[in-house]
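Below, each chain spelled out in residue letters.
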Amino acid sequence: SSLIFNSLTILAAKFDRLEWKDSAAKYYSAADKYANVFQKLTYPMSLVGNDRKYEKTARPLLAERLNLFKERLPSAMWPLADALQSIFNGVCAADTVALIAAYRDLLKAQNQPNTGNNLEFGMLLANRGEFAEAKSQLGMLAEGPLRSTSGNNYPLIVYYLGVSEEGLGNRQRAIEYY
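The rules behind the values
- Residues numbered from 1 in each chain as written.
- Predicted model: local features only at pLDDT ≥ 70, side-chain atom pairs only at ≥ 80, totals over all residues.
- Heavy atoms only, no water.
- Axes fitted to C-alpha atoms, helices over the stretch in contact; angles between N-to-C directions.
- Helix = DSSP H or I, 4+ residues; strand = E, 2+ residues; numbered from the N terminus.
- Parallel < 35°, antiparallel > 145°, perpendicular 65-115°, else oblique.
- Left-handed = near helix turned anticlockwise from the far one by under 90°.
- Contact = heavy atoms within 4.5 Å.
- Phe/Tyr/Trp six-rings, centres within 6.5 Å; stacked < 30°, edge-to-face > 60°.
- Buried < 20%, exposed > 50% of the residue type's maximum accessible area, 1.4 Å probe, protein only.
- Core = buried A, V, L, I, M, F, W, Y, C linked by side-chain atoms within 4.5 Å.
- Polar contact = N/O pair within 3.5 Å; in protein donor to acceptor, adjacent residues only side chain to side chain.

Asks: Go over the packing of helix α3 (residues 42-50) against helix α4 (residues 55-72), please, and point to the residues and values.
Replies: For the pair α3 and α4, the least separation of the axes is 8 Å and the interaxial angle reads 155 degrees. The pairing of α3 with α4 is recorded here as roughly antiparallel in orientation. Relative to α4, the crossing made by α3 is left-handed. Taken together, the residues of α4 that come into contact with α3 (itself represented by Y43, P44, M45, L47 and V48) are E55, A58, L61, L62 and R65.

Put into structure tokens, the structure is as follows:
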């Protein structure tokens, strides 16, 4: 069921990036049926990421699932849940500064890297004009041990690396990424 969850989530994310919101919501919902207890956090987060109009549905669902997460994990892992709640709140409020702070907390709380979180954080930083930090976050996904081989993520990684390089005045390097 994890493979089905991942496949449906990838499809939903592609629809999301294309701005096909209804199709994305449908596939996020379908993926949720195959999610394990930790993957269950994806659905309410993705719903509001897809469209903030889903906040009233997603907020109680996230609260329920974060409580379940906390019930099953030691309190040392709870900062992960708190950071996810902060990301959710930042998305609902369309508050980029809050989102960046929440992603910093999430990345600090993780005991291992998560390329999806680094990608989202790097894109936020690049869009905010924090190009040096964006380059640092995204660079580890383009090269080195965290290098992404995902056909879904790699084009975004190199595009936002190009944006970051351009923002830093490194035009030739930006062209190489674009």
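Asks: How would you sum up the packing of aromatic side chains? Please name residues and give values.
Replies: This structure, assessed with the given rule, holds 6 aromatic pairs. Considering the side-chain rings of Y159 and Y160, the 5.1 Å spacing of their centres and the 85 degrees angle between planes classify their relative orientation as edge-to-face. For Y159, a relative accessible area of 44% gives the class partly exposed. Note on Y160: relative accessible area 14%, which makes it buried. Here Y159 and Y178 contribute two aromatic rings whose centre-to-centre distance is 5.7 Å and whose plane-to-plane angle is 45 degrees, an arrangement assigned as tilted. A residue pair is termed long-range when its members are at least 10 positions apart, and Y159 in helix α9 (residues 154-167) and Y178 in the segment after α10 (171-177) qualify at 19 residues. Assessed through its relative accessible area of 46%, Y178 is described here as partly exposed.

Asks: How would you sum up the nonpolar core? Please name residues and give values.
Replies: If you look at the biggest cluster of nonpolar residues, it comprises 48 residues, and the most contacted ones within it are I87, F88, Y103, L106 and L119. With 7 residues, helix α5 (residues 78-93) is the largest single contributor of residues to this core. Those residues in contact with Y103 that lie beyond four places of it in its chain are I87, N117, E120, F121 and L124.

Asks: Lay out the side chain of Q39 with the relevant residues and their values.
Replies: Tracing the backbone through its elements, the reader meets Q39 in the loop between α2 (21-32) and α3. In terms of polar contacts, Q39 uses its side chain to reach the side chain of S2, at 3.4 Å. When sequence neighbours within four positions are dropped, the list of residues in contact with Q39 reads S2, F5, N6 and Y34.

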